Amino acid sequence: ALDMNAMLMEITQTLAIQIQQAGASVVIEPLPTCFADASQLNQVFTNLLDNAIKYRDPARPLELRVSGELLGKSVRYVVSDNGPGIGKEFQGKVWELFHRLDPAGPIAGEGLGLTLARRIIDRLHGQIRLESTLGEGSRFIIELPAVSTE
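To keep things clear, this report deals only with the structure shown in the data block. Predicted, not measured: the structure shown is a model, and the values here were computed from it.

With respect to the element layout, D81 can be found in strand β3 (residues 74-81). Despite its burial, D81 pairs with no opposite charge; the closest candidate is R60, at 6.7 Å N-O. At a separation of 2.7 Å, a polar atom in the side chain of D81 contacts the main-chain amide nitrogen of G83. Non-local contacts of D81, meaning those with residues more than four positions away in its chain, are made with A52, L62, E63, L64, E136, G137 and S138.

Mapped onto the secondary structure, S138 falls in strand β5 (residues 137-145). Accessibility expressed as a relative area gives 5% for S138, which makes it buried. A distance of 2.9 Å separates polar atoms of two side chains, one belonging to S138 and the other to S132. Leave out the neighbours within four places in its chain, and S138 touches V79, S80, D81, G85, I86, L130, E131 and S132.

With that out of the way, let us pick up the pattern of salt bridges. Per the counting criterion, the structure on display carries seven salt bridges. The partner of R60 in a salt bridge is D57, and the shortest N-O contact between them spans 3.2 Å. Judged by relative accessible area, R60 falls into the partly exposed class, the value being 28%. Relative accessible area serves as the criterion here: at 16%, D57 is assigned to the buried category. Of the charged contacts, one joins E143 and R76 as a salt bridge, the two residues approaching to 3.1 Å between their closest N and O atoms. Taken together, the positions of E143 in strand β5 and R76 in strand β3 put the pair 67 residues apart, joining distant regions of the chain. Residue class for E143 comes out buried when judged on its relative accessible area of 16%. On the basis of relative accessibility, which here comes to 24%, the residue R76 falls in the partly exposed class. Several salt bridges share partner residues, and in doing so they unite E69, R76, R129 and E143 into one network.

Conventions adopted
- Residues numbered from 1 in each chain as written.
- Predicted model: local features only at pLDDT ≥ 70, side-chain atom pairs only at ≥ 80, totals over all residues.
- Heavy atoms only, no water.
- Helix = DSSP H or I, 4+ residues; strand = E, 2+ residues; numbered from the N terminus.
- Buried < 20%, exposed > 50% of the residue type's maximum accessible area, 1.4 Å probe, protein only.
- Lys, Arg positive; Asp, Glu negative; His and termini not counted.
- Salt bridge = Lys/Arg side-chain N within 4 Å of Asp/Glu carboxyl O.
- Polar contact = N/O pair within 3.5 Å; in protein donor to acceptor, adjacent residues only side chain to side chain.
- Contact = heavy atoms within 4.5 Å.

Honestly, that's just the spatial picture; any functional story needs more than this.
This is the structure:
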């Protein structure tokens, strides 16, 4: 079983400087354990938090929240932010290799993150999806196998 609380604490410590510089607040709710590879999942969550910090809305302080719940045989984690949000027409494209919403924007990066995140989650027999409202923020929802109770 993967202790997600310890993992998220580690990730927020790793990103502490970025979080501080962004003036962001990060709330990690108590998270259920799941069955997954620690280093691969660490990559996914680091990427989601890092993206939220990088692409935050400069108009307001960033609020990041990670929550989770047990749903029978699976666990659902939600990484939500109050960033600029992603328009409906672009939401499907965030998973494409090297696709960046604003290639000429101020943020450096090659747009690999979410493609990789989706591949990792697929490999871990899970699902990842995005819900986003332009001007309000985004939620990345990750479902993974729960730890068997048998």
